[in-house]
Each structure stands twice: as C-alpha cells, then as structure tokens.
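The primary structure of each chain is shown beneath.
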Amino acid sequence: MAGEVLWRDTGIAPKIFILDARAIFPLALWLFHWAYWTAGIAVAGMLILYLVQRTGMSPLSCFRALRVAYLGRRRETRNNEIQWRKRCRW
C-alpha cells in the first residue's frame, strides 16, 4: 500500500524469540570459547537482559537508572565547583 509508513517500527528493539537481540553477545562469547565459566556468564547475561526487558526499559536506560540510584541526582557544575574547591586544602 502506498499509504503505509515504512519507518514506524524502527524504534522497536529487535528480538530473537522472547529475548532481546542484544542477548546474542553473551551467547556468542560462549560459542567462541566453550567452558563452564563462559556458559555461566552467558546464562547470567541473558537472564539479566531478560529481566531488564521485562521492566520495559532498554539496557542503557536501566544502566542510567542504576547510576542515578547509586550516585544520586546532584551533579557538579562549573558554577558550584568554585565553592567546593575553596573547601579543599590542596
């Protein structure tokens, strides 16, 4: 049909069956180096990516949310850097 928009699904993350397509990277690690520890890393990586997918977030946005939870919302800027430097002795 001429009225279809061809780019409408370009923002959807690619999937392989039920997993996010990014889960292929830990699996590829195991396929290139067959060992129990690489199989464990592959299974753990795929499980983590599956759990992140179930929350409805991308892995990058999940990483950002964890970073904000760990470091807090306060960010240093040039404006308040001067007042912090005055408090330092070095």
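Here, every reference points to the structure presented above.
Heads up: these notes are all about the structure in this document.

About the criteria used
- Residues numbered from 1 in each chain as written.
- Predicted model: local features only at pLDDT ≥ 70, side-chain atom pairs only at ≥ 80, totals over all residues.
- Heavy atoms only, no water.
- Helix = DSSP H or I, 4+ residues; strand = E, 2+ residues; numbered from the N terminus.
- Expected span 1.5 Å × (residues − 1).
- Phe/Tyr/Trp six-rings, centres within 6.5 Å; stacked < 30°, edge-to-face > 60°.
- Buried < 20%, exposed > 50% of the residue type's maximum accessible area, 1.4 Å probe, protein only.
- Contact = heavy atoms within 4.5 Å.
- Axes fitted to C-alpha atoms, helices over the stretch in contact; angles between N-to-C directions.
- Parallel < 35°, antiparallel > 145°, perpendicular 65-115°, else oblique.
- Nonpolar A, V, L, I, M, F, W, Y, C, P; charged D, E, K, R; others polar.

## Let's talk about helix α3 (residues 59-71)
- In this model, α3 (13 residues) spans 18 Å end to end at C-alpha, consistent with the 18 Å of a helix rising 1.5 Å per residue.
- Of the residues one or two after α3, G72 is the one with positive phi, at around 95 degrees.

## Examining the packing of aromatic side chains
- With the rule as written, the count across this model stands at 1 aromatic pair.
- Centre to centre, the rings of W30 and W34 are 5.5 Å apart; their planes meet at 5 degrees, and the pair counts as stacked.
- Overall, the relative accessible area of 26% leaves W30 in the partly exposed class.

## Concerning the environment of P26
- With respect to the secondary-structure elements, P26 resides in helix α1 (residues 24-32).
- In this structure P26 comes out as buried when scored by relative accessible area, which is 15%.
- C-alpha separation for the pair P26 and M46, spaced 20 residues apart in sequence, amounts to 6.9 Å.
- With sequence-adjacent residues up to four places away left out, P26 is seen in contact with I41, A42, G45 and M46.

## Topic: the packing of α1 against helix α2 (residues 36-54)
- The contact between α1 and α2 brings their axes to 8 Å, and the two run at 170 degrees. Between α1 and α2, the crossing angle belongs to the class labelled roughly antiparallel. Residues P26, L27, L29 and W30 of α1 form the contact with α2, whose own contacting residues are T38, A39, I41, A42, G45 and M46.
- Residues that form the contact of α1 with α2 fall into these classes: 8 nonpolar, 2 polar and no charged.

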